[in-house]
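Chains, contacts and geometry: an overview
What follows is each chain in one-letter form.
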Amino acid sequence: QVQLVESGGGLVQAGGSLRLSCAASGRTFSTAAMGWFRQAPGKEREFVAAISWGTSYTSSVKGRFTISRDNAKNTVYLQMNSLKPEDTAVYYCAAGSSTVLATTPKQYNYWGQGTQVTVSS
């Protein structure tokens, strides 16, 4: 049974930093795409970043967020710097079954439970 467990969320002031972690178990995702999405209240889930053979970011986080992975730990990270109030959302980790650098939720097969990130102004 595949499980993705996120951690690292919390409350931070604008301009601060957080690092989210997503630990996978049940299978190895060393070559598969993994991604981060977020969902704010009343809004649809949106793509944030993905990593596979390369990386991809939504435009609003480019230069501020960095996605990385540690295959030995089967873990993906999202380093978030220069946080803004509009980054406030529940952040979800997702894992796919191919190496396609996917940017839409339907391209991912496995999801974590989410971790809350709140940025105060």
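Quick summary incoming for the structure in this document. Since the model is a prediction, treat every value here as computed from it, not as a measurement. (Residues numbered from 1 in each chain as written. Predicted model: local features only at pLDDT ≥ 70, side-chain atom pairs only at ≥ 80, totals over all residues. Heavy atoms only, no water.)

This part is about the environment of Thr103. Its location among the elements puts Thr103 in the loop between β9 (89–95) and β10 (110–111). For Thr103 and Gly35, which are 68 residues apart along the polypeptide, the C-alpha to C-alpha distance reads 7.7 Å. Non-local contacts of Thr103, meaning those with residues more than four positions away in its chain, are made with Phe37, Phe47 and Ser56. (Helix = DSSP H or I, 4+ residues; strand = E, 2+ residues; numbered from the N terminus. Contact = heavy atoms within 4.5 Å.)

Turning our eyes to something else, we now look at the packing of aromatic side chains. Scanning the entire structure with this criterion turns up five aromatic pairs. Judged by centre distance (5.7 Å) and plane angle (70°), the ring pair of Phe37 and Phe47 falls under edge-to-face. With Phe37 in strand β4 (residues 34–39) and Phe47 in strand β5 (residues 46–51), this pair connects stretches of sequence that are 10 residues apart. One exposure class covers both Phe37 and Phe47, and it is buried. For Phe37, a relative accessible area of 0% translates into the label buried. Pairwise contacts between aromatic rings join Phe37, Phe47, Tyr108 and Trp111 into one cluster. One Lys or Arg, Arg45, reaches over the ring of Tyr92 and ends 3.7 Å from the middle of that ring. (Phe/Tyr/Trp six-rings, centres within 6.5 Å; stacked < 30°, edge-to-face > 60°. Buried < 20%, exposed > 50% of the residue type's maximum accessible area, 1.4 Å probe, protein only. Lys NZ or Arg CZ within 6 Å of the ring centre and 35° of its normal.)

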